[in-house]
Protein chains: 2
Amino acid sequence: MLTYSFSQKGSLPMYDYLYRCIKNDILSNNLKSNEKLPSKRTLAKNLNISVITVENAYAQLLVEGYIYSIEKKGYYVSDIYKVNTDIISPNNKITEEKKENLSINYFADFQTNTISHENFPFTSWSKTIRSILSKKRESLLNTSPINGVSELRNEIARHLYHFRGMNISPEHIIIGAGTEYLYGLLIQLLGRENIFAVEDPGYSKISKIYQSNLVKCRFIELDKNGLSLSALKKSDANIIHISPSHHFPTGIVTPVKRRQELLKWAMISNRRYIIEDDYDCEFRFSGKPIPTIKSIDTDEKVIYINTFSKTLAPSFRISYMALPHRLMEKFNSELGFYSCTVSAIEQYTLAEFISSGFFEKHINRMRTFYRGVRNQIINEIKASSNYKKVKIEEENSGLHFLLNVKTKLTDKELIEKTKKKGIKISCLSKYYVKKENCRQRTLIVNYSGISKNKASEAAKRLMDCLD
Amino acid sequence: MLTYSFSQKGSLPMYDYLYRCIKNDILSNNLKSNEKLPSKRTLAKNLNISVITVENAYAQLLVEGYIYSIEKKGYYVSDIYKVNTDIISPNNKITEEKKENLSINYFADFQTNTISHENFPFTSWSKTIRSILSKKRESLLNTSPINGVSELRNEIARHLYHFRGMNISPEHIIIGAGTEYLYGLLIQLLGRENIFAVEDPGYSKISKIYQSNLVKCRFIELDKNGLSLSALKKSDANIIHISPSHHFPTGIVTPVKRRQELLKWAMISNRRYIIEDDYDCEFRFSGKPIPTIKSIDTDEKVIYINTFSKTLAPSFRISYMALPHRLMEKFNSELGFYSCTVSAIEQYTLAEFISSGFFEKHINRMRTFYRGVRNQIINEIKASSNYKKVKIEEENSGLHFLLNVKTKLTDKELIEKTKKKGIKISCLSKYYVKKENCRQRTLIVNYSGISKNKASEAAKRLMDCLD
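The shown structure was predicted, so the numbers you read here are calculated from the model rather than taken from an experiment. (Residues numbered from 1 in each chain as written. Chains lettered and ligands numbered in written order. Predicted model: local features only at pLDDT ≥ 70, side-chain atom pairs only at ≥ 80, totals over all residues. Heavy atoms only, no water.)

## What about the overall build of chain A?
Of the regular secondary structure elements, chain A holds 18 helices and 16 strands. In terms of overall size, chain A is more extended than a compact globule, its C-alpha atoms giving a radius of gyration of 30 Å where 467 residues would be expected to give roughly 23 Å. Seen along its three principal axes, the alpha-carbon backbone of chain A occupies a region of about 90 × 60 × 45 Å. Taking all 467 residues of chain A together, the buried fraction comes to 58%. A sequence separation of at least 24 residues applies to 72% of the contacts in chain A between residues at least 6 apart. Here chain A has roughly 19600 Å² of accessible surface; of this, 50% comes from carbon and sulfur atoms. Within chain A, the 49 negative side-chain charges are centred at a point lying 3 Å from the centre of the 70 positive side-chain charges. (Helix = DSSP H or I, 4+ residues; strand = E, 2+ residues; numbered from the N terminus. Rg over C-alpha atoms; globule rule 2.2 N^0.38 Å. Buried < 20%, exposed > 50% of the residue type's maximum accessible area, 1.4 Å probe, protein only. Contact = heavy atoms within 4.5 Å. Areas by Shrake-Rupley, 256 points an atom, 1.4 Å probe, with all protein chains shown as cover. Lys, Arg positive; Asp, Glu negative; His and termini not counted. Charge placed at Lys NZ, Arg CZ, Asp CG, Glu CD.)

Okay, structure coming up:
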């Protein structure tokens, strides 16, 4: 029988004190779940208090879910953590693909967009955070401006200037928690009546986000120079969302001529814009970088988007966009009520990380690292007796290249075979919406998450599948 | 005349080396902006290289914006930082109100939603980050699950359980970069055909976000118990967005009976839902906390939203919502492609900050602190010779209370007078959409950003305005 001393009750009402005592016993597991509580009358008698006091205490416990009642039987202790454990299975709809992946222990993953952990500059990042925490104090707690703290916008502008030869005003930069979030802002800024042209094949999240926001999308095919101009002109789209520096998944780098043509297309109507998604421009291994469309845009037609997901890690949710003057004004007047979605501490830390040179050093190191991994993989491919069956394409920039395979296997069979060798990889065909255009038998070798000591073996296993 | 030695050229093409030399001179300000460059022919002669080499170098500089050309005159150095400095004025549309606020140096601000800096636990936060950075390493770089890292969701569930008596499964929690971001997700999840009822008066951002996403809003008046049930029933809204624990700006705490009535309203149709915004529930100074609607919801009708903006600082962009089972399934299947918008480092840090007890300690300290500030202000009001002219309302929870004033002044005149005393404050009337319902002569005393040593003086100045 529950027994509590009321000597420590203090000024609390009797029922409240009793409620707390019982609650504590439930939380500390002294009262086990589904244990029956004494009847109100019995407990009142035992504690020498009124029945109404027990009734009030039970009522409070009931309303807060600590106990439950069964009619004509009495009160029982709730299984307070039950929901936490038995809810996972019915709730998390795990797709077939996910289920399968969970059960396979892959040796190497050429599919998932992770980044290599080996080289993350934990020491300098940690040093920078510490310095920020001790220096900035109050400013870390203040709401940052809608478009991000000026320190970070300045550093981004300087970085774009030195690294991409771009002349962007920090005042035109908007910082947000990931490019996905920025796409959402753009939809609100540009208006839902627009029709967006996206690349087919392409990064499927982009169209998913547009469609989830009930915005119309047109899937435009690519030719060897990127977005097909003739297909674009045939469509009714007025905004294009492209990644000309390095297209995912084809790896195409759009040449200057096509960039100019796209700009010309955009200049025809003031409802037309280009969203230039420059997501992995930092990793180019040879050849001269081609100026961004933004930097040759004289008519305020280009919205430039970039992210730190590739250069730092996807778990840092920091991306940014640079808006044309007109749109920046519209943003300030129509969406200025939003708060910036990136925490001030991370914004200041990243700003100092860039200004102190850590960022550039890190990118340079990663570029060397990735180039090394890529070379290992390509060398292994070339050394394979199956080399004559493949063609390597678009290997000079970004963190993936294509491997065109001469085989009678279907894409599905190809993937089945690689899976048996412990290799997770996907085919280009997976990324097409209009399947009739789709290129078969082309593997996407995404090596951003492959560690150096696994690269050669992973490539060897991949090539062995072609036996 | 520009002179460069080509001895360090290495394997670079001639034009590329020249391009880099000139670019460096521009960046290092050796070549001043608007300085004229030598003609191609002259420079070629001077450097003893071909004109075509200079032409190619100039072309690259031109396309990247380092130089510009004037027809028949030649090439000039761009003012590369110009955009950064002269763009601010035309670009940032500063509203009249903002302009005015910038020019006034207020003694105290009872209006802006800031939080007090005096008590932020920098030491324990910093300690926690350091521990996380050294312990977690790789997991900090991995993409976190869509709904946030499980460590943080577990801690939030535990916190809600102990602090609010709520039994929420961590699997039902979604972490996002601010409640504003979560509202956007909810719009996509629930669908744009819904009609949202928001409180009038209310926190204007909520309706702005709905409307910016082209979702219909109905402004529902309040009675003394919160959202008016009769007004709600007269409207065609099917989703209500309310803050029953402590309404902003009126401070109303919705009693259990009204909560049950609202639940009953929601249960009538499966298209009806309640969004319960519990933004400052942690700061209740007296009276027993009333169970959240979520915790008495037996029919999976309530979406619970809360934030760390009030308990930590608004600059931490971490909020969360708990979805009913049905909606969680829908979220996973329809919006599962999104990435979580909060950085992994901050999620892990907050999880450890909560689990190690720092968070609870901090809340308790802040509650005491805010109660102290509130008491100072109220004591000063009571001590004032103008006390008979005012009535204090809803002072027992949240971080603001109302001050009803008996005066012949209009709200505008009242604000004018406070401004002259260096006090920034707003009137309840400002927050009404339907102005015909609006309560006049009621000041909102938001003391969350008032420091202890200014509280009494600020209150004194406020009361002096009523002379």
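## Focus on the side chain of S169 of chain A
Mapped onto the secondary structure, S169 of chain A falls in the loop between α9 (150-164) and β4 (173-176). A distance of 2.9 Å separates the side chain of S169 of chain A from the backbone nitrogen of E171 of chain A, its partner in a polar contact. (Polar contact = N/O pair within 3.5 Å; in protein donor to acceptor, adjacent residues only side chain to side chain.)

## Topic: the relation of the copies chain A and chain B
With an axial shift of 0.1 Å and an RMSD of 0.1 Å, the rotation relating chain A to chain B amounts to 180°. Considering both components of the superposition, the chain copies are consistent with a two-fold axis. (Least-squares fit on C-alpha atoms with pLDDT ≥ 70 in both.)

## Quick notes on helix α9 (residues 150-164) of chain B
With 15 residues, α9 of chain B ought to run about 21 Å at 1.5 Å a step, and its terminal C-alpha atoms sit 20 Å apart, in line with that. Considered for burial, the residues of α9 of chain B that qualify are L152, R153, E155, I156, A157, H159, L160, Y161 and R164 of chain B. Those residues of α9 of chain B that are buried are in contact with α1 (14-27) of chain A together with β4 (173-176), β10 (302-307), β11 (319-322), α15 (344-355) and α16 (358-383) of chain B. Positive backbone phi, approximately 60°, marks G165 of chain B, located one or two places after α9 of chain B. (Expected span 1.5 Å × (residues − 1).)

## Considerations on the pairing of strand β13 (residues 400-405) of chain A
When a strand is regular, its side chains alternate between the sheet's two faces. Residue and element names in this part refer to chain A. A large share of β13 lies buried, amounting to six of its six residues. Alternating positions in β13 separate into two faces, H400, L402 and N404 on one and F401, L403 and V405 on the other, with burial throughout. Taking the residues that link successive antiparallel strands as the turn, the strand β12 (residues 390-393)-β13 hairpin has six residues, and the phi of E394 there is positive, at about 55°. Direction of pairing for β13 relative to strand β16 (residues 442-446): antiparallel, over a ladder of five bridges. Residue pairing in the sheet places L403 in a bridge with L443 of β16. (Pairing = 2+ DSSP bridges.)

## Comments concerning the pattern of salt bridges
All told, the structure shown has 36 salt bridges over all chains when counted by the stated rule. For E393 of chain A, the salt bridge goes to R439 of chain A, with nearest N and O atoms at 2.8 Å. Of the two residues, E393 of chain A is situated in strand β12 and R439 of chain A in the loop between β15 (426-427) and β16; the sequence distance between them amounts to 46 residues. Between R218 of chain B and D236 of chain B there is a salt bridge; the shortest N-O distance is 2.7 Å. Taken together, the residues span a long stretch of sequence, with R218 of chain B in strand β6 (residues 216-223) and D236 of chain B in the loop between α12 (229-234) and β8 (239-242) at a distance of 18 residues. Residue classification places R218 of chain B among the partly exposed residues on the basis of a relative accessible area of 26%. We classify D236 of chain B as partly exposed; its relative accessible area is 45%. The network of salt bridges with common partners includes D223, K257, R258 and E261 of chain A. (Salt bridge = Lys/Arg side-chain N within 4 Å of Asp/Glu carboxyl O.)

## Here we look at the sheet that holds β13 of chain A
Residues and elements named next belong to chain A. In space, the four strands of this open sheet follow the order β12-β13-β16-β15, with antiparallel pairing throughout. Here the strands that pair on one side only, and so sit at the sheet edges, are β12 and β15. Note: β15 against β16, two bridges, orientation antiparallel. Note that in β16 the partner of C427 across the bridge is L443.

## Concerning the domain arrangement of chain A
All names here are of chain A. Domain annotation for chain A reports domain 1 (14-95), domain 2 (108-119 + 361-464) and domain 3 (122-356). The C-alpha-based centres of domain 2 and domain 3 are spaced at 27 Å. Domain 2 puts 25 residues into the contact, and the matching count from domain 3 is 30 residues. Overall, the association of domain 2 and domain 3 removes approximately 2600 Å² of surface from exposure, summing both partners, and the carbon and sulfur fraction of that is 59%. When contributions to the side of domain 2 that touches domain 3 are tallied by element, the ones reaching two or more residues are α16 (358-383) and β13. The element that contributes the greatest number of residues to the side of domain 2 that touches domain 3 is α16, accounting for seven residues. (Domains from an automatic or database assignment. Buried area = accessible area lost by both parts, 1.4 Å probe.)

## Structural notes on the sheet that holds strand β5 (residues 195-200) of chain B
Residue and element names in this part refer to chain B. On the basis of which strands lie adjacent, the open sheet formed by eight strands has the order β4-β11-β10-β9-β8-β5-β6-β7 and mixed pairing. Only two strands of the sheet have a single partner each, and these edge strands are β4 and β7 (226-227). Both β5 and β8 contribute to a ladder of three bridges, which runs parallel. When the bridges of β8 are listed, V198 appears paired with H241. Strands β4, β10 and β11 of the sheet are contacted by α9, whose axis makes an angle of about 110° with β4. Together, β5, β6, β8 and β9 (273-277) form the strand contacts of helix α11 (residues 204-212), whose direction differs from that of β6 by roughly 160°. (Axes fitted to C-alpha atoms, helices over the stretch in contact; angles between N-to-C directions.)

## Thoughts on the side chain of D280 of chain A
All names here are of chain A. Take D280: it is sitting in the loop between β9 (273-277) and β10 (302-307). An unpaired buried charge is present at D280: no salt bridge exists, and K310, the closest side chain of opposite charge, is 5.8 Å distant. A polar contact of 3.0 Å, which involves the side chain of D280, links it to the side chain of H246. Excluding anything up to four places from it in sequence, D280 contacts H246, K310, G398 and L399.

## Focus: the packing of aromatic side chains
Residues and elements named next belong to chain A. In total, this model carries 39 aromatic pairs over all chains according to the counting rule given. Among the aromatic side chains, those forming a connected cluster through ring pairs are F120, F122, W125, F316, F353 and F358. Over the face of the ring belonging to F107 we find K454, whose NZ or CZ atom lies 4.9 Å from the ring centre. (Phe/Tyr/Trp six-rings, centres within 6.5 Å; stacked < 30°, edge-to-face > 60°. Lys NZ or Arg CZ within 6 Å of the ring centre and 35° of its normal.)

## Examining the environment of Y203 of chain B
All names here are of chain B. Considering the arrangement of structural elements, one finds Y203 in the loop between β5 and α11. Once the C-alpha coordinates of Y203 and N270 are considered, the two residues, 67 residues apart in sequence, prove to be 27 Å apart. Once residues within four sequence positions are removed from consideration, Y203 is found in contact with N113 and F248.

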